[in-house]
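# Structure at a glance
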Amino acid sequence: MDLAALQTIINAHRALPGAMLPTLHAIQDEMGYIPEQAVSLIASALNVSRAEVHGVISFYHHFRTAPPGRRVVEVCRAESCQAKGGRALEAHVKAQLGVDWHQTTNDGAFTLEPVYCLGNCACSPSLRIGDDVHGRVSSETFDALISEARVEA
Amino acid sequence: MSVKIYVPQDSGALSLGAERVAKAIAAEAQKRSLEIKLVRNGSRGMFWLEPLVEVHTAQGRIAYGPVQARDVADLFEAGFLEGKPHALALGPTEQIPFLAKQERLTFARVGITDPISLDDYAAQGGWQGLKQAATLAPAAIVKEVTDSGLRGRGGAAFPTGIKWNTVLGAQAGQKYIVCNADEGDSGTFSDRMLMEGDPYCLIEGMAIAGLAVGATQGYIYVRSEYPHAFKTLNATIAKARDAGWLGPDVAGSGKAFELEARLGAGAYICGEETALLESLEGKRGVVRAKPPLPALKGLFGQPTVVNNVMTLASVPIILAKGAAFYRDYGQGRSLGTLPFQLAGNLKHAGLVEKAFGLTLRELLYDYGGGSASGRPLRAVQVGGPLGAYVPEADFDTPLDYEAFAAKGAMVGHGGVVAFDDTVDMAAQARYAMEFCAAESCGKCTPCRIGSTRGVEVIDRIIDGTERTKNVELLKSLCDTMLAGSLCAHGGMTPYPVLSALNHFPSDFGV
Ligand SMILES: Cc1cc2nc3c(=O)[nH]c(=O)nc-3n(C[C@H](O)[C@H](O)[C@H](O)COP(=O)(O)O)c2cc1C
Ligand code: SF4
Ligand code: FES
């Protein structure tokens, strides 16, 4: 772990009012997750206890403490997507990737996460791969998306 | 003269391939040595037609959709640059009935302009409200908002002018405007569409709020599921500041207002205003007890206006055209317009801005076109995951805060999620409890523990284990959650659960 890089990110955000979330976002954007070593560095920079930093990280679904697969696949589980066959899509995605929620495929390509609405409810069912949202996803389009992403990933 | 072609960069349109369409159009034009100007607008909100491509012609804007990249060469061949016929042609955009029948005040510019362009914004009536506010005394701005009848669009429908007046009257060295852009409700996307499609409107509304209450710093708390909206806000805040609409001298008023967008981190409860403030302060998003009201002790303990995106984005037109203009729309105590969001199993899902007072049935059938599956609609959840399921018998209820409350339902943020007759309402009730448990902030027992118990009890009802006894248990559990929860997360989860049970008992085997 590159401690100097971590410290640089932390220093760049520490002066912001309410610096905790912007700092954690910046670290996760850069490293893909929040490494354990970041906790004490953040704690001393923001003058809070390490328990407090841990508490914040564990509270928010977005933050992860272990490296994810090369792509994160987030499938919407909320009502509008349910009304358009979302439950069947969830089952298909799990079967196709061979993992359950929060797990990573054996080849390290994909981590599967549930998400509760992507704001794409007029195009349900929806899912997100990396930063790209996809709408009106069928089993077939999912398979195509995933083979495309596997090549890129 | 180059032809203007519009391809939305709204993330809904992008989710359906708009980026590939834009690239294909640019490539095809180059191949044919045609000069075009590609404008990346917001979405018109007709998502069944997205990606919706528009061409500016002598007859105005002509729409084509839904367009895929593979259609592009064919469109050029058919002469779409002159608005000529094609299988995907939809005629003049503004005459498409779904759009023609709307009353777009808050969404006046969304889908029409380039969201990043300051020139477009100004040319389409932008900044008029802020210019007006810059000439008024703070109390006069607040009065205009109060007189407009505007109520909070985030869910609770609290009168905006009264909230602002409390913050105006508070004595403090620092006050804040916080925009709640957490939009966690399933079936809602109006905040996202506006932030991506007309961000200056929100920026203008926040600057007006700052002048009105004497706040010099604003934050927009955007959910992390909205990376495009966040990027668009960052780009436009910087441009607005350079142009003098934000910064040390807002619109020549001599007063300062700075603005910053912040990202949430995937916690539904951070949409609740006090949890949101905790989160902005860098803490766990745990709900605070009220009082004190955020208006008096909000962000960093200072007087704070917390308003939803739609609320703040409605303010510019109120200042520009006057309170009387705005309150002329709507009925009873639900004044103005609401951007409704049609989602779920509807043929024509999308954004419908209308004055309050139309019925749910009109929304579902006249705009939504009925179910997408062709099967009968059976249940409609209005107002997000904490909103009741409305049965067909109540579809004629007018969309009005009080009329919905009288039916034990809520309008909330205006999300409408339709289900056809394949829906299993016991599964929906179970999901409501499961969601409550997953997103509980953990502060109070009825919500944290009650929701987990609720899932177990519903499972037993579904299994047929001591059904009568467990139905009674579910009802009393709901009573406990209703009465004993600190906030509406635990306090309103019983609405979807009990409405499912009461209106659709056969799905529970009773
Ligand atoms: C569980 C829960 C979630 C909420 N989520 C949101 C939200 O995503 N966006 C929002 O504007 N208000 C949300 N609210 C309402 C806010 O607490 C608050 O009423 C609102 O931000 C005030 O702004 P307004 O008066 O403009 O509506 C939520 C409330 C609760 C209890
Ligand atoms: S009702 Fe639930 S979300 Fe609201 S304060 Fe209590 S535990 Fe937190
Ligand atoms: S419910 Fe799935 S995107 Fe909103």
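The sections below set out a description of the structure shown in this document. Values in this document were obtained by computation on a predicted structure and should not be read as measured data. (Residues numbered from 1 in each chain as written. Chains lettered and ligands numbered in written order. Predicted model: local features only at pLDDT ≥ 70, side-chain atom pairs only at ≥ 80, totals over all residues. Heavy atoms only, no water.)

### As for the site of ligand 1
Residues and elements named next belong to chain B. What counts, and what does not: The criterion for a residue being near a molecule or strand is simple. One of its heavy atoms has to lie within 4 Å of it. Contacts described as polar in this section are N or O atom pairs within 3.5 Å, which, within protein, must combine one atom able to donate a hydrogen with one able to accept it, while residues neighboring in sequence count only if both atoms come from side chains. In DSSP terms, a helix is any run of H or I states spanning at least four residues, a strand is any run of E spanning at least two, and both are numbered starting from the N terminus. Any residue outside Ala, Val, Leu, Ile, Met, Phe, Trp, Tyr, Cys, Pro, Asp, Glu, Lys and Arg is labelled polar, Gly included; the first ten of those are nonpolar and the last four are charged.
Around ligand 1 sit 19 residues, and of these Gly154, Asn180, Asn307, Asn308 and Thr311 come closest. Within the backbone of arginine 153, a nitrogen or oxygen atom sits 3.3 Å from an oxygen atom of ligand 1. Side-chain polar atom of asparagine 308 to an oxygen atom of ligand 1: 2.8 Å apart, as the coordinates give it. Contributing elements (two or more residues each) for the shell around ligand 1: strand S9 (304–308) and helix H20 (488–492). Considered class by class, the residues forming the shell around ligand 1 number 4 nonpolar, 9 polar and 6 charged.

### A word on the pairing of strand S6 (residues 176–181) of chain B
All names here are of chain B. Heads up, the rule is: Here's how the labels work: a residue is buried when its accessible area is under 20% of the maximum for its type, exposed when over 50%, partly exposed in between, all with a 1.4 Å probe on protein chains only. In this scheme, strands are said to pair when DSSP sees at least two bridges between them.
Counting buried positions along S6 yields 6 of 6 residues, so the element is predominantly enclosed. Alternating positions in S6 separate into two faces, Tyr176, Val178 and Asn180 on one and Ile177, Cys179 and Ala181 on the other, with burial throughout. In the sheet, S6 pairs with strand S7 (residues 217–222) via 6 bridges, with the strands oriented parallel. Bridging across to S7, tyrosine 176 finds its partner in glutamine 217.

### Here's the deal with the packing of aromatic side chains
For clarity, the threshold we go by: Aromatic pairing here means that ring centres of Phe, Tyr or Trp (its six-membered ring) are within 6.5 Å. Orientation follows from the plane angle: under 30 degrees is stacked, over 60 is edge-to-face, and everything else is tilted.
Applying the stated rule across the entire model yields 20 aromatic pairs over all chains. Ring plane angle 80 degrees and centroid distance 6.1 Å describe the contact between tyrosine 60 of chain A and phenylalanine 63 of chain A, whose orientation is recorded as edge-to-face. Classification of tyrosine 60 of chain A as buried rests on a relative accessible area of 1%. Residue classification places phenylalanine 63 of chain A among the buried positions, given a relative accessible area of 7%. Centre to centre, the rings of phenylalanine 356 of chain B and tyrosine 401 of chain B are 5.0 Å apart; their planes meet at 50 degrees, and the pair counts as tilted. Note that phenylalanine 356 of chain B is positioned in the loop between strand S13 (350–355) and helix H15 (360–367) and tyrosine 401 of chain B in helix H16 (residues 401–406), a separation of 45 residues in sequence. Each member of the pair, phenylalanine 356 of chain B as well as tyrosine 401 of chain B, is classed as buried. A network of ring pairs unites the aromatic residues Tyr116 of chain A together with Tyr268, Tyr431 and Phe435 of chain B as a single cluster.

### So, the environment of glutamate 52 of chain A
All names here are of chain A. Topologically, glutamate 52 is positioned in helix H4 (residues 50–59). Glutamate 52 sits in the partly exposed class, given a relative accessible area of 41%. Residues glutamate 52 and histidine 134 lie 82 residues apart in sequence; the distance between their C-alpha atoms is 36 Å.

### Considerations on helix H8 (residues 160–169) of chain B
Residues and elements named next belong to chain B. Under the convention used in this document: Here, the arc refers to the directions that run from the helix axis to the C-beta atoms. The criterion used for residue contact is that any of the two residues' heavy atoms lie within 4.5 Å.
Taken residue by residue, H8 has Thr160, Gly161, Lys163, Trp164 and Val167 as its buried positions. Each buried residue of H8 lies within a common arc of 160 degrees when the element is viewed along its axis, so the set occupies one face. Packing partners of the buried residues in H8 comprise helix H7 (138–148), helix H10 (199–213), helix H12 (273–280), S9 and helix H13 (309–321).

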